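Residues per chain are reported as follows:
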Amino acid sequence: MSKLKELANKCEKLSFDLNFKAARKWKMEKEGRVIVGYMPIYFPREIIHAVEGLPVGILGGGDRKQIIVGDAYYQSYICHIPRGIIEMALSGHFADFDGFVFPSICDVIRNLSGMFQMSNIGKFAKYMDFPQDFSSEIGGKFYIQEMNSVLSKIKKINGVELTSTNLNNSIGLYNKNRRLIEDIYDIRQHSPWRLSAVDTYHIIRAGMVIPVEDHNIILEEVLEEIRQDIGEPMDKIKVVITGAFCEQPPVSLIRTIEMAGCYIVDDDLMLGSRWIQGDIDNTSDNPVRAISEAYINKSTFSSSVYDVGNPKSERLISLSKKRKADGIIFAAPSFCDPALLDNPIYNKACDDQKIRYINFQYHENIGQFKVIKEQVGAFSDSIKLWETDA
Amino acid sequence: MSENVKKEKSMILQKEMIGGLFKDLGNAKESGKKVVYTFVPGNLSELIRSFDMLMVYPEINALQSGMRKKSDEYIKEAEKWGHSEDVCTYVKCDIGMMLNGNIGPTGEKIPDPDLLLLSYTGCFTFLKWFENLEKLYPGVPVALLHTPYQENGEITPEMTDYMVKQLKNDVIPKMEQISGQKFNPEKLKTILQHSADTEDMIVKIFDTTKNKPSPIDAYFAGVYYIGPINIGFRGTAEATGYYKELYSEIQERVKLGLGPVTPEGEMKEEKFRLVVEGPPNWTSFREFWKLFYDMGAVIVSSSYTRVGGVYKNGFRHDPNRLLESLSEYCMGCYTNMNLKQRVDMLAQEIVDYKADGFLVNSIKSCNSFSAGQLLMMRTLEDRLGIPVGFIESDLVDPRYFSYSNIKNRLESFFQMLDQRKLISV
Ligand code: SF4
Ligand code: SF4
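Please read these numbers as outputs of a predicted model, since none were measured by experiment.

Enquirer: If you had to explain the overall build of chain A to someone new, which residues and values would you point to?
Expert: On a plain count of helices and strands, chain A comes out with 14 helices and 8 strands. Against the globule reference of 21 Å for 390 residues, chain A gives a C-alpha radius of gyration of 20 Å, in line with a compact fold. For chain A, the C-alpha atoms occupy an extent of roughly 65 × 50 × 50 Å along the three principal directions. Within chain A, the fraction of its 390 residues that count as buried is 65%. Long-range pairs, those at least 24 residues apart, make up 75% of the contacts in chain A between residues at least 6 apart in sequence. The averaged location of the 52 negative side-chain charges in chain A is 2 Å from the averaged location of its 46 positive side-chain charges.

Enquirer: Talk me through the packing of helix α6 (residues 89-99) of chain B against helix α7 (residues 125-136) of chain B; I want residue IDs and the actual numbers.
Expert: The axes of two packed helices give the description: the angle between them and the distance between them. Residue and element names in this part refer to chain B. Interhelical geometry of α6 versus α7 gives an angle of 15 degrees and a closest axis separation of 10 Å. Taken as axis vectors, α6 and α7 run roughly parallel relative to one another. Read as a crossing pair, α6 and α7 show a hand that is right-handed. Listed contacts from α7 to Y90, V91, D94, I95, M98 and L99 of α6 are T125, W129, N132, L133 and L136. Here the contact of α6 with α7 is composed, by residue class, of 8 nonpolar, 2 polar and 1 charged.

Enquirer: Please set out the sheet that holds strand β2 (residues 53-57) of chain A residue by residue, giving values where relevant.
Expert: Backbone hydrogen bonds hold the strands of a sheet together, and the pairing may be parallel or antiparallel. Residues and elements named next belong to chain A. Spatial ordering of the open sheet is given by β2-β1-β3-β4, a layout of 4 strands whose pairing is parallel. Every other strand in the sheet has two partners, leaving β2 and β4 (124-128) as the edge strands with one partner each. Neighbour to neighbour, the strand axes of the sheet diverge by 25 degrees on average, direction disregarded. Relative to β2, strand β1 (residues 34-38) runs parallel, the two sharing 5 bridges.

Enquirer: Give a description of the interface of chain B and chain A that names residues and reports values.
Expert: Size of an interface, as often reported, equals the accessible area lost when the parts are brought together. Across the contact, 57 residues belong to chain B and 50 residues belong to chain A. Interface area, chain B with chain A, both sides summed: about 4,600 Å², of which 59% is carbon and sulfur. Inspection of the region where chain B meets chain A yields 4 salt bridges. In this structure, the salt-bridge partner of B:E151 is A:K126, at a minimum N-O distance of 3.0 Å.

Enquirer: Outline the site of ligand 1, listing residues and values.
Expert: Around ligand 1, the structure places A:C79, A:I81, A:I105, A:C106, A:V108, A:I109, A:C246, A:E247, A:P333, A:F335 and A:C336. Residues of the shell around ligand 1, tallied by class, amount to 10 nonpolar, no polar and 1 charged.

Enquirer: Lay out the site of ligand 2 with the relevant residues and their values.
Expert: For ligand 2, the full set of nearby residues is B:C88, B:Y90, B:C123, B:T125, B:F126, B:W129, B:S365, B:C366 and B:L395. Across the shell around ligand 2, the residue classes break down as 7 nonpolar, 2 polar and no charged.

Enquirer: Provide a residue-level description of the side chain of A:D133, including the pertinent values.
Expert: Tracing the backbone shows A:D133 in the loop between β4 and α6 (136-158). Of the side chains bearing the opposite charge, B:K174 lies closest to the buried A:D133, which forms no salt bridge; the N-O distance is 8.8 Å. Separated by 2.7 Å, the side chains of A:D133 and A:S135 make a polar contact.

Enquirer: How would you explain the environment of A:E225 if you had to name every residue and give the values?
Expert: Among the secondary structure elements, A:E225 is positioned in helix α9 (residues 212-226). Excluding anything up to four places from it in sequence, A:E225 contacts A:K3, A:L4 and A:I230.

Enquirer: Can you tell me about the pairing of strand β4 (residues 142-146) of chain B, naming the residues and giving the values?
Expert: Most of β4(B) sits out of view: 5 of its 5 residues are buried. Viewed along the sheet, the connection from strand β3 (residues 115-120) of chain B through α7(B) into β4(B) turns out right-handed.

Enquirer: Can you explain a nonpolar patch on the surface? Please cite residues and give values.
Expert: Residue and element names in this part refer to chain A. A contiguous nonpolar patch, built from I68, V69 and L90 and spanning about 260 Å² of accessible area, is present on the exposed surface. Checked against the element boundaries, L90 lands in helix α4 (residues 81-90). Look at L90 and you get partly exposed, because its relative accessible area is 40%.

Enquirer: Any chance you could break down the sheet that holds strand β8 (residues 356-362) of chain A for me, citing the residues and the numbers?
Expert: Residues and elements named next belong to chain A. A sheet is described by the order of its strands in space; here 4 strands give the open sequence β6-β5-β7-β8, paired in parallel fashion. Only two strands of the sheet have a single neighbouring strand rather than two, namely β6 (262-267) and β8. Strand after strand, the sheet turns through a mean of 30 degrees between neighbouring axes, direction not considered. Summarising the sheet, strand β5 (residues 237-242) and strand β7 (residues 327-333) pair through 4 bridges and their orientation is parallel. Bridged to T242 within β7 is F330. Against the sheet, helix α12 (residues 312-322) engages β5, β6 and β7, with an angle of about 150 degrees to β5.

Enquirer: Lay out the pattern of salt bridges with the relevant residues and their values.
Expert: Applying the stated criterion to the full structure yields 62 salt bridges over all chains. The salt bridge involving A:K155 is made with A:E161; its shortest N-O contact spans 2.8 Å. A salt bridge links B:R273 to B:E270; the shortest N-O distance between them is 3.0 Å. Using a relative accessible area of 2% as the deciding quantity, one classes B:R273 as buried. Overall, B:E270 belongs to the partly exposed group, its relative accessible area being 21%. Residues participating in the shared-partner salt-bridge network are A:E182, A:D186, A:D266, A:R274 and A:R323.

Enquirer: Now, about the nonpolar core: what can you tell me, with residues and values included?
Expert: Proteins that are soluble and globular tend to have nonpolar side chains buried together. Residues A:F116, A:I329 and B:F292 are the most contacted members of the largest nonpolar core, which totals 270 residues. For A:I329, the contacting residues outside a window of four places in its chain are A:V239, A:V240, A:I241, A:T242, A:I257, A:C262, A:I358, A:F360, A:V376 and A:F379.

Enquirer: Explain helix α1 (residues 3-15) of chain A to me, and be specific about the residues and the numbers.
Expert: All names here are of chain A. An ideal rise of 1.5 Å per residue puts 18 Å on 13 residues; α1 measures up with 18 Å between its terminal C-alpha atoms. Turning to α1, its buried residues number three or more, namely L4, L7, A8, C11, L14 and S15. An end-on view of α1 places all buried positions within 120 degrees of arc, on one side of the element. Those residues of α1 hidden inside the fold are in contact with α2 (21-28), α8 (197-206) and α9.

Enquirer: Describe the side chain of A:S303, with residues and values.
Expert: Position of A:S303 relative to the elements: it lies in the loop between α11 (287-298) and α12. Note on A:S303: relative accessible area 5%, which makes it buried. A polar contact of 2.5 Å, which involves the side chain of A:S303, links it to the side chain of A:D342. If we ignore the near neighbours within four places in the chain, the residues touching A:S303 are A:F245, A:K312, A:P338, A:A339, A:D342, B:F124 and B:K128.

Enquirer: Lay out the packing of aromatic side chains with the relevant residues and their values.
Expert: This structure, assessed with the given rule, holds 50 aromatic pairs over all chains. Ring geometry for A:F102 and A:F116: centres 5.1 Å apart, planes at 75 degrees, overall edge-to-face. Separated by 14 residues along the polypeptide, A:F102 in strand β3 (residues 99-103) and A:F116 in helix α5 (residues 107-118) bring together distant segments of the chain. There is no split in this pair, since A:F102 and A:F116 are both buried. Centre to centre, the rings of B:F220 and B:F288 are 5.5 Å apart; their planes meet at 85 degrees, and the pair counts as edge-to-face. Of the two residues, B:F220 is situated in the loop between α9 (185-207) and α10 (222-225) and B:F288 in helix α13 (residues 285-293); the sequence distance between them amounts to 68 residues. Classification of B:F220 by relative accessible area gives buried; the value is 0%. Of note, B:R234 hangs over the ring of B:Y329, and the distance from its end group to the ring centre comes to 4.3 Å. Across from the ring centre of A:Y73, 4.6 Å away, lies the NZ or CZ of B:R378, which sits over that ring.

Enquirer: Describe in detail the state of the cysteines, supporting the description with residues and values.
Expert: Note on terminology: a disulfide is the covalent bond linking the sulfur atoms of two cysteines. Applying the stated criterion to the full structure yields 0 disulfides over all chains. With no disulfide of its own, B:C330 lies closest to B:C333 among cysteine sulfurs, the gap being 6.4 Å.

Enquirer: Account for the environment of B:G309, with residues named and values stated.
Expert: Residue and element names in this part refer to chain B. Structurally, G309 is set in the loop between β8 (297-302) and α14 (322-332). Separated by 110 residues in sequence, G309 and E199 place their C-alpha atoms 9.2 Å apart. For G309, the residues in contact, after removing those within four places along its chain, are Y329 and C333.

What counts and how
Counting of residues starts from 1 at the beginning of each chain's written sequence and follows it residue by residue. All chains are assigned letters beginning with A, and all ligands numbers beginning with 1, in the order in which they are written. Totals for whole chains, interfaces and linings use every residue, but because this is a predicted model, local features are given only for residues with pLDDT of at least 70 and side-chain atom pairs only at 80 or more, for both listing and counting. Only hydrogens and water are removed before side-chain values are computed, so all heavy atoms of the structure are retained for them. Each helix is a run of DSSP H or I of at least 4 residues and each strand a run of E of at least 2, with the numbering of both proceeding from the N terminus. Here the globule rule reads 2.2 Å times residues to the power 0.38, and the radius of gyration is calculated from C-alpha atoms. Using a 1.4 Å probe on the protein chains alone, a residue whose accessible area is under 20% of its type maximum counts as buried, one over 50% counts as exposed, and one in between counts as partly exposed. Throughout, a contact is declared for two residues whenever any of their heavy atoms are within 4.5 Å. Note on charges: Lys and Arg go in the positive column, Asp and Glu in the negative column, and His and the chain ends are not counted at all. Positions of charges follow a simple convention, taking NZ of Lys, CZ of Arg, CG of Asp or CD of Glu. Every axis corresponds to a line fitted to the C-alpha atoms, with the helix fit spanning only the stretch in contact, and the corresponding angles, defined between N-to-C directions, vary from 0 to 180 degrees. Note on terminology: angles under 35 degrees are roughly parallel, angles over 145 are roughly antiparallel, angles of 65 to 115 are roughly perpendicular, and the others are oblique. The hand of a helix crossing depends on one turn: near helix anticlockwise from the far one by less than a right angle means left-handed, and clockwise means right-handed. Gly is placed with the polar residues, together with every amino acid not listed as nonpolar (Ala, Val, Leu, Ile, Met, Phe, Trp, Tyr, Cys and Pro) or charged (Asp, Glu, Lys and Arg). Two strands are counted as paired when DSSP detects at least two bridges linking them. Note on terms: buried area is the combined drop in 1.4 Å-probe accessible area of two parts once they are placed together, counting the loss on both. Whenever a carboxyl oxygen of Asp or Glu lies within 4 Å of a side-chain nitrogen of Lys or Arg, that contact is scored as a salt bridge. The cutoff for a nearby residue is simple: one of its non-hydrogen atoms must lie within 4 Å of the molecule or strand. Identification of polar contacts relies on pairs of N or O atoms within 3.5 Å, with a donor-acceptor requirement for protein atoms, meaning one able to donate a hydrogen and the other able to accept it, and with residues adjacent in sequence counted only if both atoms are side-chain atoms. Handedness rule for crossovers: strands pointing away from the viewer, path from the first strand over the helix to the second running clockwise, crossover right-handed. Like-charged residues are merged into a patch within 9 Å and nonpolar side chains (Val, Leu, Ile, Met, Phe, Trp, Tyr) within 5 Å, provided each residue has over 30% relative accessible area and no salt bridge. Accessible surface area values rest on a Shrake-Rupley calculation with a 1.4 Å probe, where residue burial reflects the displayed protein chains alone. Here, the term nonpolar core denotes a set of buried Ala, Val, Leu, Ile, Met, Phe, Trp, Tyr and Cys residues that are joined through side-chain atoms within 4.5 Å. A helix's residues, less one, multiplied by 1.5 Å, set its expected span. Here the arc refers to the directions that run from the helix axis out to each C-beta atom. Between the rings of Phe, Tyr and Trp (Trp by its six-membered ring), a pair exists once the centres lie within 6.5 Å; its type follows the angle of the planes, with under 30 degrees stacked, over 60 edge-to-face, and the other angles tilted. Whether a charge sits over a ring depends on NZ of Lys or CZ of Arg being within 6 Å of the ring centre and within 35 degrees of the ring normal. In plain terms, two cysteine sulfur atoms within 2.5 Å form what is called a disulfide here.

Below, the structure is given as structure tokens:
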């Protein structure tokens, strides 16, 4: 097996270890360590890392966890991810987790924080409100208060005081992590055949459940491999996928898209790990403020962020152009208000710019891909044909 | 309302107030009054009023379209425009109405906005709604007021400070610019005093359900009672007058030992007292209500009537803390409370109003209400040992109102309540 495949397989195992063995092992190695689970999309993991914590991303059970009690908590017209999360919580998957953070993204995740609180899951369950006011003095200050509130909860558990040196160190590690991930995307932009979208997905997703130091090593090893001229190009179109930032599609769906004739050159599947565009200052004597400034000024676009003044449709189109994509796939979880309510705006912007796109919906444990395969195949064929004609 | 139901004075007053509002909106161009589109939960009607601007509430338009049987067509129009069948139907109904010329309930076009004021409280979808509106009205200024969620079951001074700063920095300057008037704290003070008076009356009115029989239905009639405060009349002498009249009419019913007034006249026998969680269905509102009063069920308290403000806990707009109290009002609305607070409030209501049962009307559209409701229901069942019932419908999408399903479920629920009563006797 090639080194690259070995790395991808290792990451796949980590990503879908619903018992979080790597995180548990890490916690056991030293007294005072804490595990903090966070829900999609973005959470400033640096602050947890700086106080002897491991932030662990929670994305539900996907198609790997049978829902037995979760359905009794949610009506049929609510998306799928929270039922997997509650199922996991009630069946002990988060046993070693100390606390949970629910970033503001939608009312489902928000109310899930209340369900955790009412069910006494973890030592704390905090809904973290992200400012929709993007000025440093107002929204930025509020965001600092929210981060401090998380920090105070951790301090109550392990007594660790935040220092600027530690936080600057953590910021540096996550800066590196984001740079390495972007390097992978940049290589895949011109040579997507070197690393499949599924392997890319596993490699990046693994970073949500292991220490950032370990993930950085994996990413460096991956980069070393894919910087070489490996693999053979195939006749596929290049696409950007958007809308899949929270409830994840099953891996087979990502594979289906690739097999139906598309190279996925950008996506928002692991948006939280790529949220801040560029580095956060890791030299200041107020690093919490530096994180806040980065959130205010360097956030990517997302359905969870109010966009008037900096429309996300324009930002998506520039991303698609930057990646030299042939089209955009709007793939949203069923019943996901944030993603789905954006679609008409996005679609119109694509129409205006003559960018080809398709829309479809999925849920995390969808088992039939025939229709999507046909839809994506037809999309890819139409673009190829159009290019030949043109 | 059937012929034999005599219109009370308060009903006439309310009709006049609403008629006047739409007339003002119809004349906005001529009168030069500026129009602000904003939402009911966490509405800043007092502040808007202090600038002499008029208010349009997209969710009120949507619910009225539902009652006028127009929502079906509007929703389909929005779906043709690209909206998914899965998303909140209030948004789609409103967008469909706009795409159809934005004709209001009086048959007149609702004027376009001069300001889009997104004071978003308790619901994330409001953000998305306004992003869509912003595209439909390009160039119209948007002011945003982010209301922090009561995640820890409290309003902290930092949260209030965050809101006050947003008001000072963004909302008020935009209002000054649009209206051409300077912010006038004295004027706002007077308006807030009226609000506090109105809120006192609201609490008294909804507290009359303590009587047996209850003189009012706090859900089906309750939505009419909260109409004036939710569509911009809070803070006016008219509203205080209306609520005083309503209260005295209800007091009269209490004196005479009368039950609630329904569209078919007075409810004769009160058999079951219920607390209801969740918004009602608007497309079949009358049939929905009838399912209850035909069975002698009266709603003694509902969470939905708190969506535009929670006053029972003592909150009042405070003329001496202008912007702070506007902020605390926004943060206090029902859907901005965390689930634990919601459950505690409902539990208290069940006890205070001696309810026999608790019912959830789960709305397909509304994650803000619906996500977590099943746990809330089970918690109340365990905590109070009270029978609970569950039905599903939608606000304005008639495709999700199944009369027979709801009827079957309600019949079983009422049977359960009956049996419980027999056992306790
Ligand atoms: S999938 Fe969409 S609606 Fe569901 S929790 Fe995630 S963001 Fe919210
Ligand atoms: S989700 Fe609920 S609260 Fe939000 S706009 Fe829709 S109906 Fe209103």
